[in-house]
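Residue-level structural notes
So the chains spell out like this:
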Amino acid sequence: MRVTKRQVNRSIGAVLGLGLVLGVTGCDYWPPALQAQIEQLRSETQTLTMEKTQLQAQMNDLAKAKQDLQTQIDDLARMNREKTGMITNLQNQLDSLRAKAAKAVAPKATVKPAAKATAKQPTKKKTTTKR
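I will try to describe carefully the structure that is included in this document. The model shown is predicted, which means the values in this text are computed figures rather than measured ones. As a convention, each chain's residues are numbered from 1 in the sequence order in which they are written. Where totals are concerned, whole chains, interfaces and linings use all residues; where local detail is concerned, this predicted model gives features only for residues with pLDDT of at least 70, and gives and counts side-chain atom pairs only at 80 or more. Calculated side-chain values reflect all of the structure's heavy atoms, with hydrogen atoms and water omitted.

Numbering of helices and strands starts at the N terminus; helices are DSSP runs of H or I of at least 4 residues and strands are runs of E of at least 2. Counting its secondary structure elements, the protein chain contains two helices and zero strands. Summed over its atoms, the accessible surface of the protein chain is roughly 13,200 Å², and 62% of this surface lies on carbon and sulfur atoms. We get accessible surface area from the Shrake-Rupley algorithm with a probe of 1.4 Å; when it comes to residues, only the shown protein chains can shield them.

Structural data, given as structure tokens:
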């Protein structure tokens, strides 16, 4: 018996047609063990999705808190630099005022002991008080 080309093409077409019909309609039978596994996997997927959402929200909150803290750090660093500059400026002013005061007191200090040596002050009597 001889198989013709036409018969081969029909057979291939029938097999492909049957495969297409089965593929489109699908199989509705699922073994109970497989159904249980599918439900368990769906449940785990939902749980993991919720956990992922919660973790993403926490990460967003932490990123915002980090940004806020970084802003505070920058502000404090800027204020620290300003205060350091003010302190340095005040120390310089204090040093210059001390130097001026020392120059102003230095000539008087040399005059004052000479004035004390020439002027004698009377001594006071000690009085005792009763209690």
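Pairing between side chains of opposite charge can happen when their charged atoms approach one another. Criterion for a salt bridge: a side-chain nitrogen of Lys or Arg within 4 Å of a carboxyl oxygen of Asp or Glu. Evaluated as defined, the whole model comprises three salt bridges. A salt bridge links E39 to R42, with the nearest nitrogen and oxygen atoms 3.1 Å apart. Highlighted residues: E39 and R42, both in helix 2 (residues 32-118), separated by three residues, approximately one helical turn. We note a salt bridge from E82 to R78, for which the minimum N-O separation is 3.1 Å. With E82 and R78 both in helix 2 and four residues apart, this pair spans about one turn of that helix.

The next point concerns a nonpolar patch on the surface. Patches were defined on residues exceeding 30% relative accessible area and lacking a salt bridge, with like-charge contacts within 9 Å and nonpolar side-chain contacts (Val, Leu, Ile, Met, Phe, Trp, Tyr) within 5 Å. A cluster of nonpolar side chains, V3, V8, I12 and L16, forms an exposed patch at the surface whose accessible area comes to about 380 Å². In this structure, I12 sits in helix 1 (residues 5-25). Taking relative accessible area as the criterion, I12 reaches 48% and is therefore assigned partly exposed. For each residue, the accessible area found with a 1.4 Å probe, counting protein chains only, is set against the maximum for its type, and the residue is called buried under 20%, exposed over 50%, and partly exposed in between.

We now examine the environment of T53. Mapped onto the elements of the fold, T53 is located in helix 2. Residues adjacent in sequence count toward polar contacts only when both atoms are side-chain atoms; beyond that, a polar contact is any pair of N or O atoms within 3.5 Å, and within protein one must be able to donate a hydrogen and the other to accept it. Among the polar contacts made by the side chain of T53, one reaches the main-chain carbonyl oxygen of T49 at a distance of 2.9 Å.

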